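One-letter residues, chain by chain:
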Amino acid sequence: MKSLHAFVEGRVQGVGFRQWTRGRARALGLTGWVRNLADGRVELVAEGDDDALEALARELAQGPPLARVDRLTQDLTVLTQSAFADFELRR
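Residues numbered from 1 in each chain as written. Predicted model: local features only at pLDDT ≥ 70, side-chain atom pairs only at ≥ 80, totals over all residues. Heavy atoms only, no water.

When a protein is soluble and globular, its nonpolar side chains tend to lie buried together. Core analysis: the largest hydrophobic core is formed by 20 residues, its most contacted members being L4, V8, F17, L30, L44, A46 and L56. Of all the secondary structure elements, the ones that give two or more residues to this core are β1 (2-11), α1 (17-27), β3 (42-48) and α2 (50-62). For this core, the leading source of residues is α2, giving 5 residues. Excluding anything up to four places from it in sequence, A46 contacts K2, S3, L4, L30, T31, L53, L56 and F87. (Core = buried A, V, L, I, M, F, W, Y, C linked by side-chain atoms within 4.5 Å. Buried < 20%, exposed > 50% of the residue type's maximum accessible area, 1.4 Å probe, protein only. Helix = DSSP H or I, 4+ residues; strand = E, 2+ residues; numbered from the N terminus. Contact = heavy atoms within 4.5 Å.)

Right, dumping it as C-alpha cells:
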C-alpha cells in the first residue's frame, strides 16, 4: 500500500474540484482527504494500491470539466498501514 500526497495548481477552486476528487478516489477504492488551500491550490492525500493511485494521478492532471490544471506536484510513499477509513472533504 502507498500514499499519494499531491498539490494541484490552476483554476481548481470554485469548480467542484474537491467533490470530483472525492468521487474519483472513492470509485477507485482509495481513502484519504482533499482540501482547498488559501493560496488557491488544492491539496490531497490518498492511500491505496499502486494502480488506483496512478489512475487518480492521471485524472488529477486533467481535472473535472470546469477546472484547468496548470501543475500537479506529487509524492508517493510506502505505508505499513492505512490512516483513513474513507475519503473526505476538508476545509
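Bringing the sheet that holds β1 into the picture now. On the basis of which strands lie adjacent, the open sheet formed by 5 strands has the order β4-β1-β3-β2-β5 and mixed pairing. Among the strands making up the open sheet, the edge pair consists of β4 (68-78) and β5 (87-90). Here the average twist between neighbouring strands, direction ignored, is 15 degrees. Strand direction decides the pairing type here: strand β2 (residues 31-36) and β5, joined by 4 bridges, are parallel. Across the sheet, the residue bridging to G32 is F87, located in β5. Packed onto the sheet, α1 meets β1, β2, β3, β4 and β5 and runs at close to 170 degrees relative to β5. (Pairing = 2+ DSSP bridges. Axes fitted to C-alpha atoms, helices over the stretch in contact; angles between N-to-C directions.)

All right, on to the packing of aromatic side chains then. Enumeration according to the criterion identifies 1 aromatic pair in this entry. Judged by centre distance (5.6 Å) and plane angle (55 degrees), the rings of F17 and W20 are tilted. Linking F17 with W20, this pair stays in helix α1, spanning 3 residues, or about one helical turn. What makes F17 buried here is its relative accessible area of 1%. On the accessibility criterion, W20 (21% relative accessible area) is partly exposed. (Phe/Tyr/Trp six-rings, centres within 6.5 Å; stacked < 30°, edge-to-face > 60°.)

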